[in-house]
Amino acid sequence: MSSATFRKHLRLLDEYGMYPVNMRDLRSHTALARVPKGMVPVVLTFDDGRRSQFAMRSDGSPTSSSAIGILEQHIRDHSPRWQRRATFYVMPKSIHNPEPFHQNGLAASKLKYLVDTGYEVGNHTWSHRSLRRMSETQVAAELIRCFYGIRALCPAATMDTLCIPFGEYPRFSSWRRVVANPLSQHTAMHSAVLMAWGGPSYSPFDKRYDNLRVTRIGVSPNELEVTLKGLSKNRTWYVSGGEEGVLHVPSKLTKYIATSKLQGLTTRVQ
Ligand SMILES: [Zn+2]
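Residues numbered from 1 in each chain as written. Predicted model: local features only at pLDDT ≥ 70, side-chain atom pairs only at ≥ 80, totals over all residues.

## Observations concerning the overall build of the chain
Then, in step 1: The helix and strand inventory of the chain stands at seven helices and 10 strands.
Then, in step 2: By the compact-globule yardstick of 18 Å for 270 residues, the chain fits well, its C-alpha radius of gyration being 19 Å.
Then, in step 3: Counting every position in the chain, which comprises 270 residues, the buried fraction comes to 33%.
Then, in step 4: Taking contacts inside the chain between residues at least 6 apart in sequence as the whole, the part at least 24 apart equals 61%. (Helix = DSSP H or I, 4+ residues; strand = E, 2+ residues; numbered from the N terminus. Rg over C-alpha atoms; globule rule 2.2 N^0.38 Å. Buried ≥ 20, exposed ≤ 12 C-beta atoms within 10 Å, placed from the backbone. Contact = placed C-beta atoms within 7 Å.)

## So, unusual backbone geometry
If a residue is not glycine, its phi is most likely negative; likewise, a peptide bond is most likely trans.
Then, in step 1: Even without a glycine there, the phi angle at Asp 48 is positive, about 85 degrees.
Then, in step 2: As for its position among the elements, Asp 48 is in the loop between β3 (45–47) and α3 (67–77).
Then, in step 3: Looking at Asp 48, the number of C-beta atoms within 10 Å reads 17, which means it is partly exposed.

## Considerations on the packing of helix α1 (residues 3–15) against α3
Then, in step 1: The interhelical angle for the contact between α1 and α3, taken along N-to-C directions, is 35 degrees, at an axis separation of 10 Å. In this structure, α1 meets α3 at a crossing whose hand is right-handed. The residues of α3 that touch α1, namely those facing Ser 3, Phe 6, Arg 7 and Leu 10, are Ala 67, Ile 70, Leu 71 and His 74.
Then, in step 2: Here the contact of α1 with α3 is composed, by residue class, of five nonpolar, two polar and one charged. (Axes fitted to C-alpha atoms, helices over the stretch in contact; angles between N-to-C directions. Left-handed = near helix turned anticlockwise from the far one by under 90°. Nonpolar A, V, L, I, M, F, W, Y, C, P; charged D, E, K, R; others polar.)

## Looking at the nonpolar core
Then, in step 1: Grouped together as the largest cluster of nonpolar side chains are 53 residues, with contacts concentrated most on Phe 88, Val 121, Val 139, Ile 150, Leu 162, Val 193 and Leu 194.
Then, in step 2: Apart from residues lying up to four places away in sequence, Phe 88 is in contact with Phe 46, Gly 49, Gln 53, Leu 114, Tyr 119, Val 121 and Gly 122. (Core = buried A, V, L, I, M, F, W, Y, C linked by C-beta atoms within 7 Å.)

## Concerning α3
Then, in step 1: By the burial criterion, the buried members of α3 are Ala 67, Ile 68, Ile 70 and Leu 71. Buried positions in α3, seen along its axis, are confined to an arc of 160 degrees and lie on one side of it. Facing away from the buried side of α3 by more than 90 degrees, the exposed set consists of Arg 76 and Asp 77.
Then, in step 2: Structurally, α3 contributes buried residues whose contacts are with α1 and β3. (Arc of directions from axis to C-beta.)

## Overview of the environment of Val 239
Then, in step 1: Positionally, Val 239 belongs in the loop between α7 (223–234) and β9 (246–249).
Then, in step 2: The partly exposed category is assigned to Val 239, around which 16 C-beta atoms lie within 10 Å.
Then, in step 3: In sequence terms Val 239 and Val 249 are 10 residues apart; their C-alpha atoms lie 9.5 Å from each other.
Then, in step 4: What Val 239 contacts, discounting residues up to four positions off in sequence, is Gly 38 and Val 40.

## With respect to the environment of Val 40
Then, in step 1: Relative to the assigned elements, Val 40 resides in strand β2 (residues 40–42).
Then, in step 2: The spacing of Val 40 and Val 239 is 199 residues in sequence and 4.7 Å in space, taken between C-alpha atoms.
Then, in step 3: Contact partners of Val 40, with chain neighbours within four places excluded, come to Tyr 16, Gly 17, Met 18, Tyr 19, Trp 237, Tyr 238 and Val 239.

Structure, rendered in structure tokens:
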């Protein structure tokens, strides 16, 4: 995507009243309730740790032409209400990939900048090879090696959401357990697992939301424009009620509320 297109997309998200959050924020109502009342949460995701996403100047700040520089300039100039939030799915340096963001020796400072500022750093596997034909053990190793490789560079990175390379999921029947919890711990490692396409995601309180198959809006020409227009016309997006503990639900949508996902939330039908 060109810088001009990215700037245009940010202005569009702002015009539609959207508000950036991190991917991990979809796990809890507490985080989503911090979205100002009336605004629609959106997660900006950046895959593969490319240099164009985050090039760094010698003083440690992002260059104005990299995605992170463009986003921060946009917030200063147009969207002062926005927090600096976005999720970066990266792989550690290996025989398969250069260090995250491809600028020699700067990966640790960049990851620290991201985490300290409030952005999220997530798991994009160790090698970035397709998981489709891998065994359970191989898939678990891909996820665990990425986790520890990035944690070694940036101990504060949460690494608790995962993006599947090319959207190609493993084919074995126990894939859900392995991608969510590759170390078989008491608490799953990943609270969300992302696909590569599929359009806007359902609300995390919707029956149709699958936290291990979260869809994304792509960046092919006009995809964002058409998607936002449709969502806005049908008013089928999640709008923050700005009130912790309460989920406001339009009466025509109550049938979609997943009671099991409410975690003590009160629903108020409008
Ligand atoms: Zn990728």
